[in-house]
Amino acid sequence: MARRAASAASAAAPAAIAAELARIVAALNPEQRTAVTTTEGPLLVLAGAGSGKTRVITVRIAWLLAHGATPEQLLAMTFTNRAANEMRERVAGLVGAERAKAVTVGTFHAFCVRLLRERGHAIGLPSRFAICDSSDQLAALKGALRELRIPETTLHPSALQSQISLMKSKLLTPIDALKQADDRRAKQVAKAYAKYDENLRRTRSVDFDDLLLFAVRLLRESAKDREELAARFRYVMVDEYQDTNAPQYELLRLIAGAHRNLCVVGDDDQSIYGWRGADVKKILGFERDFEGAAVVRLETNYRSVEPILEAANRVIACNPSRHGKTLRSALGPGEPVVVKRVEDETAEADLAVREITDRMREGLSRPKDFAILFRAATQARAFEAALRAKQVPYRLVGGMSFFDRKEVRDVLAYLRLAANPDDEVSLLRIINCPPRGIGKTTIDKALAYATAEGIPVARAFRQANAIAGLPAPAVEAMQAFLGKVAALGAADPGRDLVAWIRRVLAEFDYRAEVDRAYPDPATREERWQGVLELVNFAENHVRRASAPTLSSFLEALVMSSEDSEEEKESARDVVTLMTLHSAKGLEFPRVFLVGVEEGLLPHVRAVTENTVEEERRLMYVGITRAQRHLTISCVKSRARGGHRGESMPSRFLYEMRGEAPPKMWRPCEPREE
DNA sequence: GGATGTGAAGTTTTT
DNA sequence: CTTCACATCC
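Residues numbered from 1 in each chain as written. Chains lettered and ligands numbered in written order. Predicted model: local features only at pLDDT ≥ 70, side-chain atom pairs only at ≥ 80, totals over all residues. Heavy atoms only, no water.

1. What to know about helix H19 (residues 406–419)
Between the first and last C-alpha of H19 there are 20 Å, a value that for 14 residues agrees with the 20 Å anticipated at 1.5 Å per step. Taking burial as the measure, the 14 residues of H19 include 13 buried ones, the bulk of the element. (Helix = DSSP H or I, 4+ residues; strand = E, 2+ residues; numbered from the N terminus. Expected span 1.5 Å × (residues − 1). Buried < 20%, exposed > 50% of the residue type's maximum accessible area, 1.4 Å probe, protein only.)

2. Remarks on the environment of Glu533
Following the sequence through the fold, Glu533 ends up in helix H26 (residues 521–544). On the basis of relative accessible area, Glu533 is assigned to the buried category, the value being 9%. For the pair Glu533 and Phe402, spaced 131 residues apart in the sequence, the C-alpha separation amounts to 9.4 Å.

3. Section: the packing of helix H11 (residues 208–221) against helix H12 (residues 223–232)
Put simply, H11 and H12 touch, their axes get as near as 5 Å, and they point 100° apart. The orientation of H11 with respect to H12, classified from their angle, is roughly perpendicular. Residue-level inspection shows Leu218, Leu219, Arg220 and Glu221 of H11 in contact with H12, the latter providing Ala223, Asp225, Arg226 and Leu229. Here the residues of the contact of H11 with H12 are counted per class, giving four nonpolar, no polar and four charged. (Axes fitted to C-alpha atoms, helices over the stretch in contact; angles between N-to-C directions. Parallel < 35°, antiparallel > 145°, perpendicular 65-115°, else oblique. Contact = heavy atoms within 4.5 Å. Nonpolar A, V, L, I, M, F, W, Y, C, P; charged D, E, K, R; others polar.)

4. Description of the packing of helix H6 (residues 108–119) against H12
Close contact between H6 and H12 brings their axes to 13 Å; oriented N to C, the two are set at 130°. The angle between the axes of H6 and H12 places the two elements in the oblique class. The chirality of how H6 crosses H12 is right-handed. Where H6 approaches H12, its residues Phe111, Leu115 and Arg119 are matched on the opposing element by Asp225, Glu228 and Leu229. Here the contact of H6 with H12 is built from residues that sort into three nonpolar, no polar and three charged. (Left-handed = near helix turned anticlockwise from the far one by under 90°.)

5. Quick word on the protein's contact with DNA strand B
By nearness alone, 27 residues border DNA strand B, and Asn81, Arg375, Ala377, Gly439 and Thr579 come closest of all. Among all atoms of DNA strand B positioned within 4 Å of the protein, those belonging to sugar or phosphate total 54%. In the model, a phosphate oxygen of DNA strand B is placed 2.6 Å from a nitrogen or oxygen of the Ala377 main chain. Within the side chain of His603, a nitrogen or oxygen atom sits 3.3 Å from a sugar or linking oxygen of DNA strand B. Here the surface near DNA strand B is built from residues that sort into nine nonpolar, 13 polar and five charged. (Near = heavy atom within 4 Å. Polar contact = N/O pair within 3.5 Å; in protein donor to acceptor, adjacent residues only side chain to side chain.)

6. Digging into the sheet that holds strand E7 (residues 262–266)
Strand order in the open sheet made by the six strands is E3-E2-E6-E7-E1-E8, with parallel pairing throughout. Each edge of the open sheet is held by one strand with a lone partner, namely strand E3 (104–107) and strand E8 (294–298). For this sheet, the mean inter-axis angle between neighbouring strands, taken without regard to orientation, is 15°. Looking at chain direction, strand E2 (residues 74–78) and E3 are connected through four bridges and run parallel. Paired with Leu75 across the two strands is Thr104, which belongs to E3. Sheet contacts for helix H4 (residues 81–95): E2 and E3; angle to E3, the most-contacted strand, approximately 160°. (Pairing = 2+ DSSP bridges.)

7. A short note on the nonpolar core
One finds Leu415, Leu427, Phe461, Phe481, Trp500, Ile501 and Phe553 to be the most contacted residues of the largest nonpolar core, which totals 56 residues. Examining the composition of this core, we find that nine residues originate from one element, H19, more than from any other. (Core = buried A, V, L, I, M, F, W, Y, C linked by side-chain atoms within 4.5 Å.)

8. Some points on the pairing of strand E1 (residues 43–47)
The buried fraction of E1 amounts to five of the five residues, a majority that puts the element mostly inside the structure. Side chains Leu43, Val45 and Ala47 of E1 all project onto a buried face; the interleaved residues Leu44 and Leu46 project onto the opposite face, where all are buried too. Two elements, E1 and E8, share five bridges in a ladder whose sense is parallel. Within E8, the position partnered with Leu44 by the bridge is Val295. When E1 meets E7, the two strands line up parallel, connected through four bridges. What sits directly across from Leu46, in E7, is Gly266.

9. Some details on the sheet that holds strand E14 (residues 575–579)
Taken together, six strands build an open sheet; the order of strands is E11-E16-E15-E12-E14-E13 and the sheet is parallel. Two strands lie at the open edges of the sheet, namely strand E11 (338–342) and strand E13 (394–396), each paired on one side alone. The average undirected angle you get between the axes of adjacent strands in this sheet is 20°.

In structure tokens:
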């Protein structure tokens, strides 16, 4: 990041590239062209669904480069790795791999990691901090609860996790949380938050939210770093701006606040992450925050046929607070949106699968043309069953990731412990896996000792002989185990990563543990494949990274949600099942939007919590995924939480047709507080 | 220290 | 209905 703007790149941009760019810009519609060529000052690009948003950002980067900016001066921020990768590839296609490489394109989180590794010392951050993923976070929270003697039944760790994350994404410190706490529970949450943070600091760890928070703190406190960053990144671009939370906004202000060359692209109508801290007010108030901002609306949609966009426009028009856009189809007329109400969820699944098999029989559609979209992940079950019965290949997006598999997490814990002997979470995970005679009682005693003495858990284990009442064999086993770990972690294997991982596996005889834990030979083989897949990842990392180390490998794993090879293979020609949230940004020729009922979409909790507007945006996102065909379904009777009950069509279905709901119809009522 | 049974609770998810 | 955490038993 501190690297000087190297102007060593190609002396003269090839004339061919310049001509190509002129051709591309000429082919844009007038609004897109304005968005591309307005380079100075704050710019808000309101990009409706399917309006060529990524094209605008990438061509804008090419335009900036062709008009005097150096690649080093450009910063493009995204929220997901997927978006970052796509942007990088498309920029490379426009300006050539060489210059594209020098443009900083990345997720907010990846940007912050780099910033903190290079400059974090200014706020006392150790350069070798570890990054916790969400299951590490959960384990750390359980530890904090244990130390505070709060039973997990009183404060559910996963609920605590999202509450703390939400507070962090609103820039609330544990002290703020304690000040604001007005009841017993809130006080406990604040205390757990404080203890959790304290433990992370002690183990030199940060969670995902901390990456943003520390970056903000660094740029607030160190004028030198702030000024250097602002001087380097003269042009800042942000994708999916409607998803920005408080720390991300703050970060942007700190980098681009002085020169104001900030271009944000987003769609307030697709803001669906309010529940995790994304603040739609940031995009609604951009013109106020950055006075004199130019605003461009992209309303021509290149994705969907007219009837689909008409439905989308009518639904979203019911939201009171928005910038206001109306999508126009570049594709023209098409088949009308189909709405069906069937008996129950089984019939709903049969309806969709029947349609899929019929269309496939015609030979004009393939499995990958179809997507089934739903509000809640639990709805997938019925569709999975129906697809299986008809032998239609499908993939369920979300669900358990490769890195959540037990064997993968176990092996990762070994690697992480070797890289960071203070990693308590990993230590506790594998201290007795494979079993080495260190039981729950022993561990509890060591934990109590660590808490009483105020020392790291790993140190307590190392001093096991000082702890009263521990069985001698357990003490020996612990010390032997820690000795092995220390020996492995003494030196970073660097390029020999793969061989080193194999040695770790052999040293701890993890194969034997897999054989022991899974008596069934088929699952045993499957589990072991998971371990081997991890070794593959390491191989890839060594091949791709410029200076691979154990730490860089572990970090790459935490920061990316990359699919395993096996998952990539199976994702080829299959029907896609996913939640509306994971569907954002995707498109399919034929979409089924299912379970469009009161209580589900909008969800009951959204109704009681007065967030129906966000549910309406979710409906809008669902509709606008469809290119040519959209089938919406709802049921008369649905089993929820074990009980079967009557389901009414969603209010959104009436809005979609521009009708008022019938008189007899009762939406779920907001609860009076 | 590990296997089996009982109980409660059950949107949305990326980094 | 089914998943996950916890308690109890061997």
